[in-house]
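# A structural walkthrough
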Amino acid sequence: MVGALNRAMEESSEPQLDAKSKGSLKLIDFEWKLGMAVSSDSCRSLKYPYVAVMLKVADHSGQVKNKSFEMTIPQFQNFYRQFKEIAAIIETV
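Residues numbered from 1 in each chain as written. Predicted model: local features only at pLDDT ≥ 70, side-chain atom pairs only at ≥ 80, totals over all residues. Heavy atoms only, no water.

### What to know about the confidence of the model for the protein chain
This is how the line gets drawn: On a range of 0 to 100, pLDDT expresses the predictor's confidence in each residue. Only heavy atoms enter the contact rule, under which two residues are in contact if any of them lie within 4.5 Å.
Considering every residue of the protein chain, the mean pLDDT works out to 78; 75% of them sit at 70 or more. Here residues 1-6 is modelled with pLDDT under 50, and outside its nearest four sequence neighbours on either side it reaches 8 contacts, counting other chains as well. Note on residues 8-19: pLDDT under 50 across the span, and 18 contacts to partners over four residues away in sequence or across chains.

### A word on the nonpolar core
What counts is decided by this rule: Note on terminology: a nonpolar core comprises buried Ala, Val, Leu, Ile, Met, Phe, Trp, Tyr and Cys residues joined through side-chain atoms within 4.5 Å. For each residue, the accessible area found with a 1.4 Å probe, counting protein chains only, is set against the maximum for its type, and the residue is called buried under 20%, exposed over 50%, and partly exposed in between. The way it works is that DSSP assigns letters per residue, a run of H or I at least four long becomes a helix, a run of E at least two long becomes a strand, and they are numbered from the N terminus.
The biggest cluster of nonpolar side chains holds 7 residues, and these are Val51, Val53, Leu55, Phe69, Met71, Phe76 and Phe79. Broken down by secondary-structure element, the contributors of at least two residues to this core are strand S2 (48-58), strand S3 (64-71) and helix H3 (73-92). A total of 3 residues in this core trace back to one element, the largest contributor, which is S2. When sequence neighbours within four positions are dropped, the list of residues in contact with valine 51 reads Trp32, Lys33, Leu34, Phe69, Glu70, Met71, Ile73 and Phe76.

In structure tokens, the structure reads:
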């Protein structure tokens, strides 16, 4: 999960939110939606399913940033599995 998030944020043109260099980030909101790319300028029929993820995070100073990125269905399934693993670990703490 962290790898997918880091890659998505690295590809963003916005200033980076790096938890390692700026302290911990607080997840304020997490939204996702399923989409289907049906065409593009160069391809008439893509039929490419994807998941759009929208995050709202606050840095150590309380400043809220919005981040969004897209994942393929297999990437999102892996992302979901990792969230479940994290939740299981948190429950044991």
